[in-house]
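Each chain, letter by letter, is given below.
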Amino acid sequence: MNYIEAVKYIHSLLKFGIRPGLNGMDALLRFLGNPQNALKYVHVAGTNGKGSTSTAISNALTDAGYKVGLYTSPYVTDFLERVQLCGKPIEKGVFAKAVEKVKAAVESLEKQEVVITEFEALTASAFLCYKELQCDIVVLEVGLGGRLDATNIIDTPLVNVVTSLSIDHSAILGDTIEEIAFEKCGTIKENGNVICSFGQPRGAIKVIEKTVKEKNNTLTIPCESDIKVLKSDVLGTDFIYKNQEYSVKMAGEHQVKNMTCVIEACNVLKNYFNLTDENIKNGISKTSLPARVEIISECPLVILDGGHNEDGAKAFYNAVSGALDSKDKVVVIAGMMADKAVEESLKPLIKKCDCFICVTPNNPRAMTGEELAIIGKKYCNNVIVIESPEKAVRFAENIINNKDVLCVVGSLYLAGEVRETLLEIF
């Protein structure tokens, strides 16, 4: 099996399982010899901020000289963004070899009427890769929820991180913040260490504190009074936390919330690894992610963001609103999934628009450009429908100048479709 065949096989499996729970994942990993048990972990759950938090922890440990696996989702342009070693996608051959083993296991389990999903197969493949590569530690980002997520098959990690919680994926995780928190806290196991971002909804904090107590964990929540923001703009944020100065090149003060979690998680990891304050600072300063308030160009200002829920959209707007006010013209290309809070997410940004371009991302769950335009016309007088995202980028290129700003927002699916074109043009 080669790499292309491996990716095709992973995508061929069911998106969601026949029945909830970890039984299928447990059966698959037992067949493979339980490779996950040979590894140490940082487990990262939450609604928003998981990717940047996981990446910064990985970067800090890598800076200290350790062999670090990083498992995240989703990807933007390269499938193996999801399975990394020391900040880079793992070798395609290593991945293909692992998937070949997983495929044999899946086919054997099918005879026993055990159905394995796409995410379960990918997660098992990642465990095999990280064991083969003899990783010192793996930073493991939860895929969806936590309690029943395939990554939750691991034993107690060295550190659990719970990033910002809000209501998302309600059909699967629940309609209240307490239900969401219950699912996320399902990753907390006996006798561990939990780091939780500050500013959580009160209902979420109650669930987190209850779970931590029941599971005999320690809980650390960064204190806002220990934080002083020195500078924050669309190019990043400089801040002081507990008398140490840090610089994060990702836009938005919400990154301070993520990075203080990183600092506290790394402080716990100092008990297990030779990790210094300088490693942590370097890890944070090196952290950037495609399509997370990503600055494609400064002149004209072109920003790509895949935030796809109301809290993510709010964080994006807060991060870029100052830049929008300083520009002659604001052009927005937007495309979202129909099952998201579309109007609530995009309304503040649409109100700032001089031109709102509606597209249809290449996904069966996508809201059509025509449907999005109906919302857009409530708040902007200049709404255009261009179904093709790439054509929309080409159109925007011709109507902006160096004093304008172009924002491409609404979905990581959309971001993946247009990122290469944006980099090529700007």
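Up top you'll find the structure we're talking about.
Being a predicted model, the structure only gives us computed values, none of them experimental.

1. Overview of the overall build of the protein chain
Line of reasoning, step 1. Helix and strand counts for the protein chain come out as 15 helices and 17 strands.
Line of reasoning, step 2. Along the three orthogonal principal directions, the C-alpha set of the protein chain runs to about 60 × 55 × 40 Å.
Line of reasoning, step 3. The buried share of the protein chain, reckoned over its 426 residues, is 57%.
Line of reasoning, step 4. Counting contacts in the protein chain only where the partners sit at least 6 residues apart, residues at least 24 apart contribute 74% of the total.
Line of reasoning, step 5. When the accessible surface of the protein chain is totalled, it reaches about 18100 Å², and 47% of it is carbon and sulfur.

2. Points about the sheet that holds strand β13 (residues 301-304)
Line of reasoning, step 1. Read across the sheet, six strands follow the order β12-β13-β17-β14-β15-β16 without closing on themselves; strand pairing throughout is mixed. Only two strands of the sheet have a single partner each, and these edge strands are β12 (294-298) and β16 (383-385). The mean angle between the axes of side-by-side strands here comes to 15 degrees, regardless of whether they run parallel or antiparallel.
Line of reasoning, step 2. Summarising the sheet, strand β15 (residues 355-358) and β16 pair through three bridges and their orientation is parallel. Residue pairing across strands places Cys 358 opposite Val 385, the latter belonging to β16.
Line of reasoning, step 3. Across the face of the sheet, helix α14 (residues 389-397) comes into contact with β14 (330-334), β15, β16 and β17 (405-409) while running at roughly 175 degrees to β14.

3. Concerning the pattern of salt bridges
Line of reasoning, step 1. Enumeration according to the criterion identifies 15 salt bridges in this entry.
Line of reasoning, step 2. Among the salt bridges present, the one from Arg 147 reaches Glu 183, with a minimum N-O distance of 3.0 Å. Here Glu 183 lies in helix α7 (residues 177-184) and Arg 147 lies in the loop between β5 (137-141) and β6 (159-162), a separation of 36 residues in the sequence.
Line of reasoning, step 3. The class for Arg 147 is partly exposed, based on a relative accessible area of 32%.
Line of reasoning, step 4. The partner of Arg 394 in a salt bridge is Glu 390, with the nearest N and O atoms 3.8 Å apart. Taken as a pair, Arg 394 and Glu 390 lie in helix α14 at a separation of four residues, close to a single helical turn.
Line of reasoning, step 5. Several salt bridges share partner residues, and in doing so they unite Glu 390, Arg 394 and Glu 424 into one network.

4. With respect to helix α2 (residues 23-31)
Line of reasoning, step 1. If you check which residues of α2 are buried, you get Gly 24, Met 25, Ala 27, Leu 28 and Leu 29.
Line of reasoning, step 2. Elements in contact with the buried residues of α2: α4 (92-110) and α5 (118-132).
Line of reasoning, step 3. Where α2 terminates, the next one or two residues include Gly 33, which has phi positive at roughly 90 degrees.

5. Comments concerning the nonpolar core
Line of reasoning, step 1. Residues Leu 28, Val 83, Phe 95 and Phe 127 are the most contacted members of the largest nonpolar core, which totals 46 residues.
Line of reasoning, step 2. Listing elements by their share of this core, those giving two or more residues are α1 (3-12), α2, α4, α5 and β5.
Line of reasoning, step 3. In this structure, Leu 61, Val 139, Leu 158 and Cys 261 belong to the second largest nonpolar core, which totals 36 residues.

6. Considering the packing of α7 against helix α8 (residues 202-214)
Line of reasoning, step 1. The contact between α7 and α8 brings their axes to 8 Å, and the two run at 35 degrees. In the packing of α7 onto α8, the handedness of the crossing is right-handed. Mapping the contact onto sequence places Ile 177, Glu 178, Ala 181 and Phe 182 in α7 and Gly 203, Ala 204 and Val 207 in α8.

The rules we used
Residues numbered from 1 in each chain as written. Predicted model: local features only at pLDDT ≥ 70, side-chain atom pairs only at ≥ 80, totals over all residues. Heavy atoms only, no water. Helix = DSSP H or I, 4+ residues; strand = E, 2+ residues; numbered from the N terminus. Buried < 20%, exposed > 50% of the residue type's maximum accessible area, 1.4 Å probe, protein only. Contact = heavy atoms within 4.5 Å. Areas by Shrake-Rupley, 256 points an atom, 1.4 Å probe, with all protein chains shown as cover. Pairing = 2+ DSSP bridges. Axes fitted to C-alpha atoms, helices over the stretch in contact; angles between N-to-C directions. Salt bridge = Lys/Arg side-chain N within 4 Å of Asp/Glu carboxyl O. Core = buried A, V, L, I, M, F, W, Y, C linked by side-chain atoms within 4.5 Å. Left-handed = near helix turned anticlockwise from the far one by under 90°.

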